[in-house]
Amino acid sequence: AQSVTQLDSHVSVSEGTPVLLRCNYSSSYSPSLFWYVQHPNKGLQLLLKYTSAATLVKGINGFEAEFKKSETSFHLTKPSAHMSDAAEYFCVVSRYNQGGKLIFGQGTELSVKP
Amino acid sequence: GAGVSQTPSNKVTEKGKYVELRCDPISGHTALYWYRQSLGQGPEFLIYFQGTGAADDSGLPNDRFFAVRPEGSVSTLKIQRTERGDSAVYLCASSPRATNTGELFFGEGSRLTVL
């Protein structure tokens, strides 16, 4: 079975400070992992993906995530938060060999203070 | 259109009524997915179409839920005898083909409220 756990339901940072959104996964197989972002009244958008190539994955808008097998983690980071980063972020794992059947975490709401 | 289009964006109905939600995928995308997102939760998989056929409907919660894609493009999610627990945002996504990369293109969703 595969699952993801997002360790924080809400994270608040100040503009210009680093962002860390935490995610742990459970998978019987070598997982494919993703981060999706959902801005208010917008569709979910793929931020980045890990599919067993480089363990440090770079995504859009300056975000990156590191796959750590020993820690079963896939945390999302950004060096400097921008007001436009305020959104809901989902850590996602896909079912083995069924890439479109995604298993979402419960989400982390990111707030960015001026 | 440029993206996945879903209509209506909002639907309020009474318990026991029948509801249809429509999804127009990105042109040329053969794979289409329906997900349901309840308040405070991540989206959950409902059903997946490859072309006209439902390749996997294992996520449909019960037989009140049904989806079709008769011409391999537009899809309709149908809910019979709606219940208050069906209230959620119903998301549609498409991809160029059955994907193993997990990259789906999502619409903005149809918010269903059952009174």
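Structure: see above.
A quick note: this is a predicted structure, and the numbers were derived from the prediction, not measured. (Residues numbered from 1 in each chain as written. Chains lettered and ligands numbered in written order. Predicted model: local features only at pLDDT ≥ 70, side-chain atom pairs only at ≥ 80, totals over all residues. Heavy atoms only, no water.)

J.: Report on the overall build of chain A, specifying residues and quantitative values.
T.: Within chain A, the secondary structure is distributed over 0 helices and 12 strands. Starting at the N terminus, the α and β elements of chain A follow one another as β-β-β-β-β-β-β-β-β-β-β-β. Taken over C-alpha atoms, the radius of gyration comes to 13 Å for chain A, in line with the 13 Å a tight globule of 114 residues would show. Structurally, chain A occupies a C-alpha span of about 40 × 30 × 20 Å along its principal axes. A burial count over chain A gives 46% of its 114 residues as buried. On chain A, roughly 5,500 Å² of surface is accessible, and the fraction owed to carbon and sulfur atoms is 48%. Averaging the locations of the 10 positively and 8 negatively charged side chains of chain A gives two centres separated by 8 Å. (Helix = DSSP H or I, 4+ residues; strand = E, 2+ residues; numbered from the N terminus. Rg over C-alpha atoms; globule rule 2.2 N^0.38 Å. Buried < 20%, exposed > 50% of the residue type's maximum accessible area, 1.4 Å probe, protein only. Areas by Shrake-Rupley, 256 points an atom, 1.4 Å probe, with all protein chains shown as cover. Lys, Arg positive; Asp, Glu negative; His and termini not counted. Charge placed at Lys NZ, Arg CZ, Asp CG, Glu CD.)

J.: Quick one: what's the story with the packing of aromatic side chains, residue by residue and with numbers?
T.: Applying the stated rule across the entire model yields 12 aromatic pairs over all chains. Centroid distance Tyr36 of chain A to Phe106 of chain B: 5.7 Å. Interplanar angle 85°. Geometry classified as edge-to-face. Remark: Phe106 of chain B occurs in strand E10 (residues 105-106) and Tyr36 of chain A occurs in strand E5 (residues 33-38); the pair is interchain, linking two chains. The pair formed by Tyr36 of chain A and Phe106 of chain B is uniform in burial state, with each residue classed as buried. (Phe/Tyr/Trp six-rings, centres within 6.5 Å; stacked < 30°, edge-to-face > 60°.)

J.: Which residues make up the interface of chain B and chain A, and what values go with them?
T.: Reports often express the size of an interface as the amount of accessible area lost when the parts come together. Each partner contributes residues to the interface: chain B has 20 residues there, and chain A has 19 residues. A combined buried area of about 1,600 Å² lies between chain B and chain A, and 49% of that area is made up of carbon and sulfur atoms. On the surface where chain B and chain A come into contact, there are 2 salt bridges. With a closest N to O distance of 2.7 Å, Lys101 of chain A and Asp56 of chain B form a salt bridge. Scanning the region where chain B abuts chain A turns up 6 residue pairs in polar contact (both at pLDDT 80 or more). With 3 residues, strand E4 (residues 31-37) of chain B is the largest single contributor of residues to the side of chain B that touches chain A. Across the side of chain B that touches chain A, the residue classes tally to 7 nonpolar, 10 polar and 3 charged. (Contact = heavy atoms within 4.5 Å. Buried area = accessible area lost by both parts, 1.4 Å probe. Salt bridge = Lys/Arg side-chain N within 4 Å of Asp/Glu carboxyl O. Polar contact = N/O pair within 3.5 Å; in protein donor to acceptor, adjacent residues only side chain to side chain. Nonpolar A, V, L, I, M, F, W, Y, C, P; charged D, E, K, R; others polar.)

J.: Please give an account of the sheet that holds strand E8 (residues 75-79) of chain B that cites residues and values.
T.: Residue and element names in this part refer to chain B. If you trace the 4 strands from one edge of the open sheet to the other, you get E1-E3-E8-E7, paired in antiparallel fashion. Two strands bound the open sheet, and with one partner strand each, they are strand E1 (5-7) and strand E7 (65-68). Recorded for the sheet is a direction-independent mean angle of 15° between the axes of neighbouring strands. Where E7 meets E8, 4 bridges bridge the pair, whose relative direction is antiparallel. Along E8, the bridge assignment pairs Phe65 with Ile79. (Pairing = 2+ DSSP bridges. Axes fitted to C-alpha atoms, helices over the stretch in contact; angles between N-to-C directions.)

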